[in-house]
Amino acid sequence: MSPSPESNALETVQIFDTTLRDGEQAPGFSMTPGEKLRLARELEELGADVIEAGFPIASEGDFEGVTAVVQACRRATVAALARALEGDVRRAGDALRGAARPRIHTFIATSDIHLQYKLKKSRAQVLADVYSAVRLAREYADDVEFSAEDATRTDLDYLAEVLNAAIEAGATTLNVPDTVGFCVPSEYAALITGLKSRIRDADKVVLSVHCHNDLGLAVANTLAAVAAGARQVECAINGIGERAGNAALEEIVMALAVRRDTLPYQTNIRTERLYPVSQMLAGITGVQVQPNKAVVGANAFAHEAGIHQDGMLKSPLTYEIMTPQSVGIERTQLVLGKHSGRHALAQRLAALGVQLDRRELDGVYKRFLTVADRKKVINDADLRELIETAEPAAVGGGERA
Ligand code: KIV
Ligand code: ZN
C-alpha cells in the first residue's frame, strides 16, 4: 500500500519515528550504534520522514549512534534530541554535522508539576530557556523542533505563550506531547484546535503530536489530533518507548490507510515493509512482539474459530479489514485448534493431498477434536499422524495421501 496516484490530493501526515530515541529509552530496548544504523536504514526504506536517532548528550554511544545514522540516511530528516540547555544543543548540533537534512529537537517541561518538582524554575525562566535554546539550535540547523514536555497538563494560556516564543525564536515544528499518556481523544483534539487559534502564524509551522500509552490511548489520541490539524505524528515501531510505550507507528499508518474514508490523509510509508521492520526490531532487541499486537503480531492475521475460518474460506472480506500482504505478512493463517470447524480441516487436509468425502471427514474430525482438546495447536505433522493411524474406512478405504 504505497502512496497511490489518486492520493495526490490528500494532505500528507509526516511520520516522525522515535524508535531509536524514545523507544530505546525503555528498559530492555537499548541499542548499540551499529544496531541503530541497521534499523535506521530499514526505517528510511520504510519511508519515515524523520528519524530521531538519539540524545547525543546522554552518552558517547548515543552521540556515535546519531553520527552513524547521519552518514547513512540521506533522504530522511535525521533528528537529535537536546534539553533546552546550551551544552545539549551544541552536542546535538555537533552530532548532526554533515547531515543531509538535520533537525535539532529541543525540549523542556512546561507543566506546573514539572516546573515545581523537577525543574524548580518559574514560568518566566522556562520561557526564557525556550527562546534561547531554539535561537541557539537555529545556528546549527534551519529545521528546529520544540517540544513542550507534559504539554497536556500545562496551563493552556502558558502553553500558547511558550509555543509562540518558540516560533519567534525560529522553531519550525511545534510538538505537543502527551508525555504521561493522560489525555483522552476528545480532550487532545480540543487542545490541538485551541492551540491552532492561539498560535501566531500557525499555518507557517507544523503542529506535531507525541503520545504515550499509559492508558492504552496513544494511537487513538494521535488520530484524534490528526483530525484536529496535527500534521506530524511521533511514534515508534511496535509501540516501544518509555513505560507503556509510544504510539505504535504501524497502527497509526494502517488506521490512516484503512480508514481513509473518515481520516482523509496519506503518509509516505511503504506499508509492505511494516512487518519486516517490526521483526528486525524484535531480533535486535530480543524482545518479541506480543502475539495479539495489532497489525504485526503473530495472531493479527490468524483465525482459529470455526465460524471465522468458514467465513474466511468463503471470502477474506468477512474477517479481515486489510490484507496480510499489505503489511508484509505472507499469508493469512487458519490455525487448527479445538475451535476449528470441518471446513478449515478439510481445506488443510486437501493442501496436504488428502481428499475426503463427507463421511470420512466426519470420522477424522471427531479424532481431530480429541487431539485438539489435549494440544493447543494442531500442525501438519499432527494431521498426517491422524490420517496415517486412522481406520481404513475413515479415510477412503485405506488410500493414503
Ligand atoms: O514524552 C515526551 O514528552 C518526550 C519529549 C522529549 C518529546 O519524549
Ligand atoms: Zn516521549
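Cut-offs and rules
- Residues numbered from 1 in each chain as written.
- Chains lettered and ligands numbered in written order.
- Predicted model: local features only at pLDDT ≥ 70, side-chain atom pairs only at ≥ 80, totals over all residues.
- Heavy atoms only, no water.
- Pairing = 2+ DSSP bridges.
- Helix = DSSP H or I, 4+ residues; strand = E, 2+ residues; numbered from the N terminus.
- Axes fitted to C-alpha atoms, helices over the stretch in contact; angles between N-to-C directions.
- Polar contact = N/O pair within 3.5 Å; in protein donor to acceptor, adjacent residues only side chain to side chain.
- Contact = heavy atoms within 4.5 Å.
- 1 Å grid on protein atoms, 1.4 Å probe; cavity = no way out; pocket = protein on both sides within 12 Å on 5 of 7 lines; lining within 4 Å.
- Points joined across faces, edges and corners; volume = space filled by probe spheres on them.
- Nonpolar A, V, L, I, M, F, W, Y, C, P; charged D, E, K, R; others polar.
- Donors = N, O, S within 2.8 Å, 3.2 Å for Na, K, Ca; no water.
- Buried < 20%, exposed > 50% of the residue type's maximum accessible area, 1.4 Å probe, protein only.
- Core = buried A, V, L, I, M, F, W, Y, C linked by side-chain atoms within 4.5 Å.
- Domains from an automatic or database assignment.
- Buried area = accessible area lost by both parts, 1.4 Å probe.
- Near = heavy atom within 4 Å.
- Areas by Shrake-Rupley, 256 points an atom, 1.4 Å probe, with all protein chains shown as cover.
- Right-handed = clockwise from strand over helix to strand, strands pointing away.

What follows is about the sheet that holds strand β9 (residues 232–235). Taken in spatial order, the eight strands line up as β2-β3-β4-β5-β6-β7-β8-β9 and close into a barrel, and their pairing is parallel. Direction aside, neighbouring strands of the sheet carry axes that sit 25 degrees apart on average. Bridge analysis of strand β2 (residues 14–17) against β9 gives four bridges, and the strand direction is parallel. Bridging across to β9, Asp17 finds its partner in Cys235.

Here we come to the side chain of Gln232. For Gln232, the position within the fold is in strand β9. In terms of polar contacts, Gln232 uses its side chain to reach the side chain of Arg103, at 2.9 Å. Engagement of the side chain of Gln232 in a polar contact is seen with the side chain of Glu145, the distance being 3.3 Å. Setting aside residues no more than four positions away along its own chain, Gln232 makes contact with Gln14, Phe16, Val50, Arg103, Glu145, Thr173, Val206, Leu207, Ser208 and Val209.

Moving on to the layout of surface pockets. Approximately 560 Å³ is the volume attributed to the largest pocket. If you go around the largest pocket, you meet 25 residues; those closest to its centre are Arg331, Thr332, Gln333, Leu334 and Val335. Listed by contribution, the elements that provide at least two residues to the lining of the largest pocket are α10 (274–285), β12 (333–334) and α12 (342–351). Among the elements that line the lining of the largest pocket, the one with the most residues is α12, at four residues. Along the lines of polarity and charge, the residues of the lining of the largest pocket split into 14 nonpolar, seven polar and four charged.

Looking at the zinc ion (ligand 2), one finds its protein donor set to be Asp22 (OD), His210 (NE2) and His212 (NE2), positioned 2.0 to 2.1 Å from the metal centre. Here the donor residues of the zinc ion (ligand 2) are spaced in sequence according to D-x187-H-x1-H. One end of the pair, Asp22, is in the loop between β2 and α1 (33–46); the other, His212, is in the loop between β8 (206–211) and α8 (218–228), with 190 residues separating them in the sequence. Look at Asp22 and you get buried, because its relative accessible area is 3%. Judged by its relative accessible area of 4%, His212 falls in the buried class.

Take the nonpolar core next. Soluble, globular proteins show a tendency: their nonpolar side chains are buried together. Within the largest apolar cluster, 100 residues are counted, with the highest numbers of intra-cluster contacts made by Phe146, Leu163 and Leu174. A per-element tally of this core places helix α6 (residues 156–169) first, with eight residues. Domain assignment of the residues forming this core places at least three in each of domain 1 (5–285) and domain 2 (302–388). Those residues in contact with Phe146 that sit more than four places away from it in its chain are Thr106, Phe107, Ile108, Val130, Val134, Val162, Leu163, Ala166, Ala171, Thr173, Leu174 and Asn175.

This brings us to the domain arrangement of the protein. Looking at the protein, the domain boundaries give domain 1 (5–285) and domain 2 (302–388). Domain 1 and domain 2 are separated by 43 Å when their C-alpha centres are compared. In this assembly, seven residues from domain 1 lie in contact with seven residues from domain 2. Summing both partners gives a buried area of about 520 Å² for domain 1 against domain 2, and 69% of it is carried by carbon and sulfur.

Looking now at the site of ligand 1. Lining the immediate surroundings of ligand 1 are Arg21, Asp22, His105, Phe107, Ser147, Glu149, Asn175, Pro177, Thr179, His210 and His212. Within the contact set of ligand 1, an oxygen atom lies 3.0 Å away from a side-chain nitrogen or oxygen of Asp22. At 2.6 Å from an oxygen atom of ligand 1 is found a side-chain nitrogen or oxygen belonging to Thr179. In isolation ligand 1 exposes 260 Å². Once the protein is present, 94% of that is buried.

This part is about the pairing of β9. The side chains of a regular strand alternate between the sheet's two faces. Side-chain alternation along β9 places Gln232 and Glu234 on one buried face and Val233 and Cys235 on a second face that is also buried. Where β8 and β9 come together, three bridges link them in parallel fashion. Bridge pairing in β9 links Ser208 to Gln232. In this region the chain leaves β8, passes through α8 and returns to the parallel neighbour β9; the handedness of that crossover is right-handed.

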